[in-house]
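Residue-level structure breakdown
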Amino acid sequence: MKLRWKIAQAAEIRWWQGYLNKKNKAEYLDWKKKYWATFLKDCQLKIPAQASCLDAGCGPAGIFTILEQQKVDAVDPLLDRYEKKLSHFKTIDYPTVNFIASPLEHFAPKQPYDYVFCLNAINHVSDLDQCWEQLFDATKKGGTLIVSIDAHNHSFFKHLFRAIPGDILHPHQYDLAEYETMLTNRGGKILKTIHKTKAFFFDYYVLVVEKT
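Model, not experiment: these values are computed from the prediction.

**Let's talk about unusual backbone geometry**
One non-glycine residue with positive phi stands out, namely Gln 44, at about 55°. The phi torsion at Gln 50 lies on the positive side, around 75°, for a residue other than glycine. For Gln 50, the position within the fold is in the loop between helix H2 (25-42) and strand S1 (52-56). For Gln 50, a relative accessible area of 51% puts it in the exposed group.

Okay, structure coming up:
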């Protein structure tokens, strides 16, 4: 699994380089901020000013881009490489965000957060079980964990992709019920399951979870 994770991380950088290559930085970031604002509206979430937030697996344009009134830590193992290789991401553009270049498995917050976001990231981690534990440990009791997942629609392809690297960017292959069980078994209460997009292999969901 570690080898698949390393391959996925290298592919992630190349994907971002290709995706952002011809995009104007200002226009792209403006679009991304509007995307995240709509995302919060769809989740029926209003994040109070000064709330403590974690953007776990933040990427180069995560939800940290719009959390300007909150206390935000943004964690990603590729942050240093994003800054070197992507002109669209510079930490200096976000003076209120505390960036931490670290795998989620090794991240140890000083105190738990009111809101923990793990968006477009949990499928990419090396040790899934450990990362779930990290996310729950990072969330205050009564706090909110918001996680997005690509969930398999077909059992055959789920098992096939586990056996072969049919989906190079995602080392982990599960369906919606399996992801929901991972959350509830750890003391999470699923408040909302939002079906964002539908495709053949995977559907894209957002799960809003209260830590009980």
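**Some points on the side chain of Asp 55**
As for its position among the elements, Asp 55 is in strand S1. Buried charged residue Asp 55 carries no salt bridge. Nearest counter-charge: Lys 32, at 9.8 Å. Reaching out from Asp 55, the side chain makes a polar contact with the backbone nitrogen of Ile 63 at a distance of 3.1 Å. In terms of polar contacts, Asp 55 uses its side chain to reach the backbone amide nitrogen of Phe 64, at 3.1 Å. For Asp 55, the contacting residues outside a window of four places in its chain are Gly 62, Ile 63, Phe 64, Asp 73, Ala 74, Val 75 and Phe 117.

**Brief notes about the sheet that holds S1**
Pairing within the open sheet is mixed, and its seven strands lie in the order S3-S2-S1-S4-S5-S7-S6. The sheet is open, and its two borders are formed by strand S3 (97-100) and strand S6 (188-197), each paired with just one other strand. On average, each strand axis in the sheet is tilted by 15° relative to the strand beside it, whichever way the strands run.

**Some details on the layout of surface pockets**
Estimated volume of the largest pocket: approximately 780 Å³. Around the largest pocket sit 41 residues that line it, and Glu 12, Trp 16, Leu 119, Asn 120 and His 124 are the ones nearest its centre. Residue assignment for the lining of the largest pocket shows that the elements contributing at least two residues are helix H1 (2-20), H2, S1 and strand S7 (202-211). Counting residues per element, the lining of the largest pocket draws most heavily on H1, at six residues. Split into classes, the residues belonging to the lining of the largest pocket amount to 26 nonpolar, nine polar and six charged. Estimates place the volume of the second largest pocket at around 260 Å³. Considering the residues around the second largest pocket, the lining is formed by 14 residues, among which Ser 52, Asp 73, Lys 110, Gln 111 and Tyr 113 are closest to the centre. Elements with a contribution of two residues or more to the lining of the second largest pocket: strand S2 (71-75) and S3. A class-by-class count of the residues in the lining of the second largest pocket yields seven nonpolar, three polar and four charged.

Reading the values: rules and limits
- Residues numbered from 1 in each chain as written.
- Predicted model: local features only at pLDDT ≥ 70, side-chain atom pairs only at ≥ 80, totals over all residues.
- Heavy atoms only, no water.
- Helix = DSSP H or I, 4+ residues; strand = E, 2+ residues; numbered from the N terminus.
- Buried < 20%, exposed > 50% of the residue type's maximum accessible area, 1.4 Å probe, protein only.
- Lys, Arg positive; Asp, Glu negative; His and termini not counted.
- Salt bridge = Lys/Arg side-chain N within 4 Å of Asp/Glu carboxyl O.
- Polar contact = N/O pair within 3.5 Å; in protein donor to acceptor, adjacent residues only side chain to side chain.
- Contact = heavy atoms within 4.5 Å.
- Pairing = 2+ DSSP bridges.
- Axes fitted to C-alpha atoms, helices over the stretch in contact; angles between N-to-C directions.
- 1 Å grid on protein atoms, 1.4 Å probe; cavity = no way out; pocket = protein on both sides within 12 Å on 5 of 7 lines; lining within 4 Å.
- Points joined across faces, edges and corners; volume = space filled by probe spheres on them.
- Nonpolar A, V, L, I, M, F, W, Y, C, P; charged D, E, K, R; others polar.

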